[in-house]
Each structure stands twice: as C-alpha cells, then as structure tokens.
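Read off the chains here:
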Amino acid sequence: MTQNPGPRPTSERMVEARDLTFAYPGGAEIFALFSWQIERGETWAVIGPSGCGKTTLLYLLAGLIWPSSGELRIGGECLRRPRPDTGLILQDYGLLPWATLRANAALGLRVRTFYGPDGLHSPSGEQVGDIWPRVDFWLKRLGLEEIASHYPSQVSGGQRQRAAIARTLVLRPDLLLMDEPFSSLDAPTRESLQSLMLDLQAEQGLTSIVVTHNIEEAAFMGRRILFLGRPPQRQGVVLANPGAGPLYRDRRHPAYREMCDRLRKMLDATIQGSG
Amino acid sequence: MRRLPVLLAALGLGGIWQIVSMIAQTAILPPPWQVLEAFVLAIPHDLGLHILASLWRVVASILLAVGTAAPLGVLLGQSRRLYRIVSPMIYLLYPVPKVVLVPVLLLFLGIGDAAKIAVIFLILFFQILVLVRDQAAALRPELLLSVRSLGAGRRALYSFIYFPATLPAILTAVKQSTGTAVAVLYVAELFATRYGLGYYIFINSTSLFDYPAMYAGILAMSLLGLGLYFGVDWLERRICPWLPSAQEENS
C-alpha cells in the first residue's frame, strides 16, 4: 500500500503572508504588517520568547483565527477556514480522552466521512472509502499497533504524541504545523520523535513548521529558522540552517553548536531588552 | 460495587429487622419474611401495576430531562454570553426545593401523569443542566482547536466532542438524583392518583391497615431506586469505558 501524497496543486509557494495584522480582543497588537514566505517542501522552525506570538502565528496559519487585516495564502489559496490539507499537532490535550488510540487516529477521516467531500471540511475530490486500512497503516508505521485499543490516559506522553502524528498523517497533509509537539516529553523520547518526524517529512514530501521555545529543537528541526522577538512582529529574523536534520543527530556537530549559541544569544538579548 | 458485600449487607439488615420485630411484637412492624411473602404474592396482582406506573413516571422524567437539559447545558457551556444571561436564573432556581411545587403543578397540569412527571423532571433538569454545563465549559481549548483543525465544523464538534464529553456528566447527574427523584415520586403519588407506589403505600397504611403490604410497597420503592441507580451505573461502565471507574472494573 502506498501512502505517497497524491498530485498537488501547482503553486510552489506554500505559505504567503502579506501585511498580517492581528491582536486578541482587548490586547495589544501581536503582528503588525507581518510578512513571511515559505516554499513548498521547506522545513521551518519558529522560535522566540514566550508571548512573542509563535502559537498565534501557527493558529493563523491553521485558519483557526483570522488576521484583522492583510492577506494569508496557503497553497496559493486565500485562507478563510481550517484547510483540509493542513495538519496540526499540538503539545498535548489534542487527543480525545474517550477514544482509543485507533479511534483517535481515525478521527480526521471520520470527520471527512461525516461531511463527505464538500471541499470545505474535507478535500473536494477525495473518496475516503474504507478508513481502517489507512488508519492501521499509520498506527503500524508509528509503532502503535500493540496499544491501539488503549485510551490516551493509559499510554505514555510519547505514545500519545505518536498517535497525534498518526492522526494527522492519515489525512495526507501537504503542510504540517506543530506547536511545541515534544516539549512535555523526556529527552530520549523527544529526540527519537524529532528524528522520526524529520524522516516522515522527507518521506511524505511535507512542508513543515514547528513552533518551539526550545533552542536545540529549533536548531535540529528547522532548515530555516524564524526568530520572533518582542511583539508586535513586523518581519522577524530568518536564519538559514541548512545542516538541520540527520547530520545533527550528533549533537556535538560544530555547525549545530554554533546555531544553538547564536539562538541563545538572540533569546538572551530579547529577554534582557524587555526586562 | 461488588455483589457479595451488597448481598451480605442486605442479609445483615434483614437480620436486624427480624430481631427488632421479634422484640417489638407489634402489627406495625411485621417480620421481613412476612413482608417478602406479601411482596411476592402481590406482584402478579396489583403491586406489579403500581410498580409499572411509578417506573414509567420516573423513566419518562429522566428521558425528558436528559433530552432537554443536556443540549441546553452544552449550549451554556460553550457560549459565555448565554451563560452570563442564564446563570443568574439557574442560580436562583436551582436551590428551590422542587417538591414544594407539587401542589402548584397539580393545579396547573391536572391530576394525570403530567404533574408527577413534571416535578421529577424539574429536579433532574437542574442537576443535569449544571453538571453538563460545567463539563462542556471545562473542555480544553486545545482539544477543540485540534479537532477543528481536522476539518470539524459545529455539527461535527457536537457529535465528536460535546456529546461524548458530556455523557459521563449526564449519567452522573441521573445517578445522583435517582434517590431524590424516587422520594419526590412518593410525595407526588400521594395526590390525585390511583396508581403508583406512593399511593399503594399510603392506602395500605392509612385505609386498609395492611402493614405487610405497606412494607411490600416500601420495599418495591427502594428496589426501584436501587435498580435505577445500578442500571445507570452499569450503563456508565458500558458506554463510557474510558472512565477510571470502568477501567478498574475491567482490569
């Protein structure tokens, strides 16, 4: 069974944010005329101190909140609601506590079957068909088949995140958004999942954005890194980090260390500037 | 709850009853075996019908209360604005002892089943409403966001999140209120009816002076409450297998 993504739209630009402005009701502006571009297939990390708007940016890209002005195009189309081809993985609490891991992994497909291929909630051309072979394929791929009938409260944090990843990849996304996906995990689990995620991104030809406050995670996972300082965000600093990925599994790699040092200095400078 | 300790407790209580009735030697406290005999003999005759009448009233009230309070509770739980408007009203109405409304309801709804069902409905309604509202309001925003990101709109959120998330609250509310519901049923059935366990107990004690039958009615009413409690408890473990209580049971 192949799980390669089907034919994709032709637009080479995955994310095009132009002059985005956003503030939560009653709050100060977090983004002010913010612009950002992401090409198809890129792997990005977004890092910055807490309160800088990292998560807000991800929710904007996910179509869960809307900018007050500016234009946000994903895959060439103007974003008005959550896009069926975008996958979102959150730090925790994303799984239904009352559903087994298998049922959780199937949730996205069940939502699609619920609406049918209406183009709003699910891709217009897709015939979902029998969901279970697809679900079981991903449970197996993520090593969850043995515990598929367990509830989230009965498994470890790492296993829960694997289930969240399975649930997302079952839907064959082309854009993957992750909000601190591995922050609550212990170091060995975190590192193995980071590596697994990079493998899966390469294998599935995904464009990915991981939001993190963790310097090592940003340096390991983002071939390009967007650094956000204190809000309101206008431009952000983009850092090239071409060696990110398998090469940096050796955490003593000089380029990796250098990137970590650089990010740390930038974070320190931002925090001191605000204090 | 384990079955054996419950059975032993029942036997123990029966034993105490037996001893007390032997000491008292009075017609108003017959020994348990005599009551049991009256109970078994009366079921095929009138007692069975009285049990059915009471059971129907309670079950109808439960269904009505779940059907109205649960959706309203979900609605209140997710809309802050609605919550702000409605919760002062609930705040005032919730503590009103519903049983005092029996005469009022009888005046408005007449002597049929409607008034009796309505009073139990009122008790259950507020219990379920409050518990479901809290449950729906306590849902983590991350959960809603992540399911919305999978494409779920309002309708899908109801069926994939709000309904299963509030199911335990509904069942807990029903379970907690069965005791009160049956107690109120007794009061409601004292008035303007010729069927129901309340009427049966009352008529046997005050007009017929058939004390074993009176106790048989009390026993039936207790069993009704107990049966409802355990029925809902069983249902909870059956349809909410993710709850810790259900998992303990299975392991």
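Description of the structure in this document. In this numbering scheme, every chain counts its residues from 1 along its sequence in written order. Written order decides the labels, with chains lettered from A and ligands numbered from 1. Reporting in this predicted model follows two pLDDT cut-offs: at least 70 for local features of residues, and 80 or more for side-chain atom pairs to be given and counted; totals over whole chains, interfaces and linings ignore these cut-offs and use all residues.

**With respect to the overall build of chain B**
Thinking step 1. The secondary structure listing takes helices from DSSP runs of H or I that are at least 4 residues long and strands from runs of E that are at least 2 residues long, numbered from the N terminus. Per the secondary structure count, chain B includes ten helices and zero strands.
Thinking step 2. The order of helices and strands in chain B, counted from the N terminus, is α-α-α-α-α-α-α-α-α-α.
Thinking step 3. Dimensions along the principal axes, computed over C-alpha positions, put chain B at roughly 70 × 50 × 30 Å.
Thinking step 4. Note on burial: count the other C-beta atoms lying within 10 Å of the residue's C-beta; 20 or more is buried, 12 or fewer is exposed, in between is partly exposed, and C-beta positions come from the backbone. Burial analysis of chain B (251 residues in total) assigns 35% to the buried set.
Thinking step 5. At a minimum sequence separation of 6, the contacts of chain B that also span at least 24 residues come to 74%. Contact between two residues is assigned whenever their backbone-derived C-beta positions fall within 7 Å.

**Comments concerning helix α4 (residues 131-141) of chain A**
Residue and element names in this part refer to chain A.
Thinking step 1. When we look at burial in α4, the residues that qualify are R134, V135, W138 and L139. An end-on view of α4 places all buried positions within 135° of arc, on one side of the element.
Thinking step 2. Elements that come into contact with the buried residues of α4 comprise α2 (101-105), α3 (107-115) and α5 (157-169).
Thinking step 3. Positive phi shows up at G143, right after α4, with a value of about 70°. To be clear, the arc concerns the directions from the helix axis to the C-beta atoms.

**Overview of the interface of chain A and chain B**
Thinking step 1. Contacts between chain A and chain B engage 19 residues on the former and 17 residues on the latter.
Thinking step 2. If one sorts the elements of the side of chain A that touches chain B by residue count, α3(A) sits on top with six residues.
Thinking step 3. We call Asp, Glu, Lys and Arg charged. Ala, Val, Leu, Ile, Met, Phe, Trp, Tyr, Cys and Pro are nonpolar, and the rest, Gly among them, are polar. Broken down by class, the residue content of the side of chain A that touches chain B amounts to 14 nonpolar, four polar and one charged.

**What to know about the pairing of strand β1 (residues 13-23) of chain A**
Residue and element names in this part refer to chain A.
Thinking step 1. Strand pairing is assigned whenever DSSP detects at least two bridges linking the two strands. In the sheet, β1 pairs with strand β2 (residues 29-39) via seven bridges, with the strands oriented antiparallel. Among the inter-strand pairings, V15 is bridged to a residue of β2, identified as I38.
Thinking step 2. In this structure, β1 lies alongside strand β4 (residues 69-74), joined through five bridges in antiparallel fashion. Its bridge partner being in β4, T21 is matched across the sheet by S69.

**Describing unusual backbone geometry**
Thinking step 1. Cis geometry is found at the peptide bond from P231(A) to P232(A), where omega equals 0°.
Thinking step 2. With respect to the secondary-structure elements, P232(A) resides in the loop between β9 (224-227) and β10 (237-240).
Thinking step 3. Residue D19(A) is not a glycine yet carries a positive backbone phi of 55°.
Thinking step 4. Counting through the fold element by element, D19(A) comes out in strand β1.
Thinking step 5. We classify D19(A) as partly exposed; it has 15 C-beta atoms within 10 Å.
Thinking step 6. Its identity as a non-glycine residue notwithstanding, F209(B) has a phi of 50°, on the positive side.

**Thoughts on the sheet that holds strand β3 (residues 43-47) of chain A**
Residues and elements named next belong to chain A.
Thinking step 1. Spatially, β6-β7-β8-β3-β9-β10 is the arrangement adopted by the six strands of the open sheet, whose pairing is mixed. Two strands bound the open sheet, and with one partner strand each, they are β6 (86-89) and β10. Ignoring strand direction, the axes of neighbouring strands in this sheet form an average angle of 20°.
Thinking step 2. As paired elements, strand β7 (residues 175-179) and strand β8 (residues 207-212) share five bridges and run parallel to each other. Among the inter-strand pairings, L175 is bridged to a residue of β8, identified as T207. Each axis is a line fitted through C-alpha atoms, and for a helix only the stretch in contact is used; angles between axes span 0 to 180 degrees, taken between their N-to-C directions.

**Re the environment of G222(A)**
All names here are of chain A.
Thinking step 1. Within the element layout of this structure, G222 appears in the loop between α7 (215-221) and β9.
Thinking step 2. With 26 C-beta atoms packed within 10 Å, G222 lands in the buried category.
Thinking step 3. Setting aside its immediate chain neighbours within four residues, G222 contacts T43, W44, A45, V210, N241 and A244.

**Section: helix α1 (residues 54-62) of chain A**
The periodicity of an α-helix, 3.6 residues per turn, causes residues three or four positions apart to be oriented the same way.
Residues and elements named next belong to chain A.
Thinking step 1. Among the nine residues that make up α1, eight are buried, leaving the element largely enclosed by the rest of the structure.
Thinking step 2. For α1, the full list of buried residues reads K54, T56, L57, L58, Y59, L60, L61 and A62.
Thinking step 3. Count one or two residues on from α1 and you reach G63, which has phi positive near 80°.

**As for the environment of Y215(B)**
Residue and element names in this part refer to chain B.
Thinking step 1. With respect to the secondary-structure elements, Y215 resides in helix α9 (residues 211-239).
Thinking step 2. According to the C-beta neighbour criterion, Y215 is buried, with 24 such atoms within 10 Å.
Thinking step 3. Remark: the alpha-carbon pair of Y215 and I201, spanning 14 residues in sequence, is separated by 7.4 Å.
Thinking step 4. Ignoring sequence-local partners within four residues, the contact set of Y215 consists of P30 and V35.

**Side note on the sheet that holds β4(A)**
All names here are of chain A.
Thinking step 1. Spatially, four strands are ordered β2-β1-β4-β5 in an open sheet, and the strand pairing comes out antiparallel. Strands with a single pairing partner mark the edges of an open sheet, and in this sheet they are β2 and β5 (77-78).
Thinking step 2. Running at roughly 120° to β1, α1 makes contact with β1, β2 and β4 of the sheet.

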